[in-house]
Structure formats: C-alpha cells, structure tokens
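In case you want the letters, here they are:
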Amino acid sequence: AQTVTQSQPEMSVQEAETVTLSCTYDTSESDYYLFWYKQPPSRQMILVIRQEAYKQQNATENRFSVNFQKAAKSFSLKISDSQLGDAAMYFCAYRPARKLVFGQGTRLTINP
Amino acid sequence: NAGVTQTPKFQVLKTGQSMTLQCAQDMNHNSMYWYRQDPGMGLRLIYYSASEGTTDKGEVPNGYNVSRLNKREFSLRLESAAPSQTSVYFCASKNTTGRKLFFGSGTQLSVL
C-alpha cells in the first residue's frame, strides 16, 4: 500500500523565522509526483509546491522550498520568513498515477 | 472562473437517510475525485473517475456510490447515512496530463 506519513501533528514558529515540515512516503514506483497543499480555516485546498520524482533539483516557490530525498523517500517543506498568513494545515501528498494520497496533515501556528 | 463547484456546503442528516452530494467542474477535466477529510486522518479517496463513463474505488468506498453523469458532473451518494460518515467531503478534478488537482470548497456533512 502506498502511504504518506507526516510525523508532526502540530508545529509552531515565530513570525519571520524558518520552519521545516516533514513528510515521508512509501512506494515501489519510480515515477511519481509529490505535493504540498495548504488548507487555511476557509477549508480551501491550495497547492503550495510540487516536485517531480525524476528531477533531482529541489523545487522552489518564493519562500517555499522542498528537500526531496528520493532514496530516503523523504519530502520536507521549508517555509522561510514565516508570515501570519502561513498559518494553516499543511498536507503532503503523493501521486503515482491517477490517485493522490495524502498524509495526515501538520497544523502550523505562526507566533507574532 | 467557477472551477469546481460543490453543493450543498453544509448538510445534517439523520441516521438512515439518503442524500447525494453534487460536484461540477467547468474546466473540461477528464478526471474527477471524491475525498473525505476526518480530523487527524488527512484526505482519503472514496471514489474517482478517470474519464466519462468510468468509476473506480478508492481507499474508503464502503457506504458510498458515485455517478459520472457526464464530463462535467460527478455525484456522490450515501444510500443509508451513518454517524461514521460525518466528515468534510471534497470533490476535485484534473486533466489527464495535468499535474495539479483542483478542489471544490467542501461539504460539511453531519450524520446524527
């Protein structure tokens, strides 16, 4: 079974600091995609960043970057210069083919 | 742009009642999905439809049925609601070659 594990149910960070959210996944596939989604209290699912498994270079989107370790099956999200608007649930997700499998989520709190 | 539209946004049912959650997308996407989100469980796939006329079971299909009415619409039916089906339900869609999943705003369902 393909699983995604987020071992940190909750994280907090001071505004303007950097925080890293962890994600590991289990798969026998060699070609797949990985995603981080943000879910604010509005419930809307917002794509933050994505990574193709065949790419060695880590994806970056402004203040958001990932550390993709394919051999270790690890996909962490780093948020730099944290802002109050970053407070949300963050979900790691893995897609081998048609289906998207989500982790349990990490609730991120930003302390002013 | 409407994107993915789900109705209703909120619903309360009594145990044993039936109802259908509606989902429509206006992006001409081939693939559509139904997820449920429970606290601490992340999003779990109920059913998906890779194309018009096809449906497949996801991770938690028991107690649900789906209909891919046409390319735009993908409905989820609860024949006999149970308290264990209390959850937030998300519909999503994606183009066949696309990488990004587009989500609706969710339906909060409570079964008493």
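Student: How should the interface of chain A and chain B be read in this particular structure?
Tutor: It is common to report an interface's size as the accessible area lost on association of the parts. Chain A puts 19 residues into the contact, and the matching count from chain B is 25 residues. Note on chain A versus chain B: buried area summed over both sides is about 1,800 Å², and carbon and sulfur give 53% of it. It is Arg43(A), Arg98(A) and Phe102(A) that lose the most area in chain A upon contact with chain B, and together they represent 34% of the buried surface on that side. Put simply, chain A and chain B have zero salt bridges between them. Of all elements in the fold, only β5 (33-39), β6 (46-52) and β10 (88-95) of chain A reach the threshold of two or more residues within the side of chain A that touches chain B. Classifying every residue of the side of chain A that touches chain B by side-chain character gives nine nonpolar, four polar and six charged.

Student: Just checking my understanding: could you explain unusual backbone geometry for this structure?
Tutor: As a rule of thumb, non-glycine residues mostly have phi less than zero, and peptide bonds are mostly trans rather than cis. In this chain, Thr7(B) is followed by Pro8(B) through a cis amide linkage whose omega measures -5°. Structurally, the position occupied by Pro8(B) is in the loop between β1 (4-7) and β2 (10-13). Unlike most non-glycine residues, Arg43(A) shows phi in positive territory, near 80°. Judged by its relative accessible area of 16%, Arg43(A) is buried.

Student: Can you walk me through the pairing of strand β5 (residues 42-49) of chain B in this structure?
Tutor: Sheet faces and side chains relate simply in a regular strand, where the side chains alternate between the two faces. Residues and elements named next belong to chain B. Across the eight residues that make up β5, a large majority, eight, are buried. Of the pairings in the sheet, the one linking strand β4 (residues 31-38) to β5 comprises seven bridges and is antiparallel in character. The residue bridging Met 32 from the neighbouring strand is Ser 49, located in β5. A loop of three residues connects β4 with β5, the two strands running antiparallel in sequence, and Gly 40 in this loop sits at a positive phi of about 75°. Between β5 and strand β6 (residues 56-57), which pair antiparallel one after the other, the connecting turn spans six residues, and Gly 53 there sits at a positive phi close to 95°.

Student: When you look at the pairing of strand β7 (residues 64-68) of chain B in this model, what are you seeing that I'm missing?
Tutor: Residues and elements named next belong to chain B. Here β7 shows a clear split, with Tyr 64, Val 66 and Arg 68 buried on one side and none of Asn 65 and Ser 67 buried on the other. Bridging between β7 and strand β8 (residues 74-78) involves five bridges; their strand directions are antiparallel. Within β8, the position partnered with Tyr 64 by the bridge is Leu 78.

Student: Help me out: how do you make sense of the environment of Arg68(B) in this one?
Tutor: Residues and elements named next belong to chain B. Examined against the element boundaries, Arg 68 turns out to sit in strand β7. Spatially, the C-alpha atoms of Arg 68 and Ser 51 are 8.3 Å apart, while their sequence positions differ by 17 residues. Discounting residues that sit within four places of it in the chain, Arg 68 has contacts with Gln 25, His 29, Asn 30, Met 32, Ser 49, Ser 51, Glu 52, Gly 53, Thr 54, Thr 55, Glu 73 and Phe 74. Within the local environment of Arg 68, its side chain forms a polar contact with the side chain of Ser 49, the two groups lying 2.7 Å apart. Polar contacts involving the side chain of Arg 68 include one to the main-chain carbonyl oxygen of Lys 71, which spans 2.9 Å.

Student: What's the story with the pattern of salt bridges in this structure? I'm lost.
Tutor: Working definition: two side chains of opposite charge can pair if their charged atoms are close together. Per the counting criterion, the structure on display carries six salt bridges over all chains. Its salt-bridge partner being Glu52(A), residue Lys55(A) comes within 3.9 Å of it at the nearest N-O pair. For Lys55(A), a relative accessible area of 37% gives the class partly exposed. A single network of salt bridges, built from pairs that share partners, joins Arg36(B), Asp38(B) and Arg44(B).

What counts, and where the lines are drawn
Residues numbered from 1 in each chain as written. Chains lettered and ligands numbered in written order. Predicted model: local features only at pLDDT ≥ 70, side-chain atom pairs only at ≥ 80, totals over all residues. Heavy atoms only, no water. Contact = heavy atoms within 4.5 Å. Buried area = accessible area lost by both parts, 1.4 Å probe. Salt bridge = Lys/Arg side-chain N within 4 Å of Asp/Glu carboxyl O. Helix = DSSP H or I, 4+ residues; strand = E, 2+ residues; numbered from the N terminus. Nonpolar A, V, L, I, M, F, W, Y, C, P; charged D, E, K, R; others polar. Buried < 20%, exposed > 50% of the residue type's maximum accessible area, 1.4 Å probe, protein only. Pairing = 2+ DSSP bridges. Polar contact = N/O pair within 3.5 Å; in protein donor to acceptor, adjacent residues only side chain to side chain.

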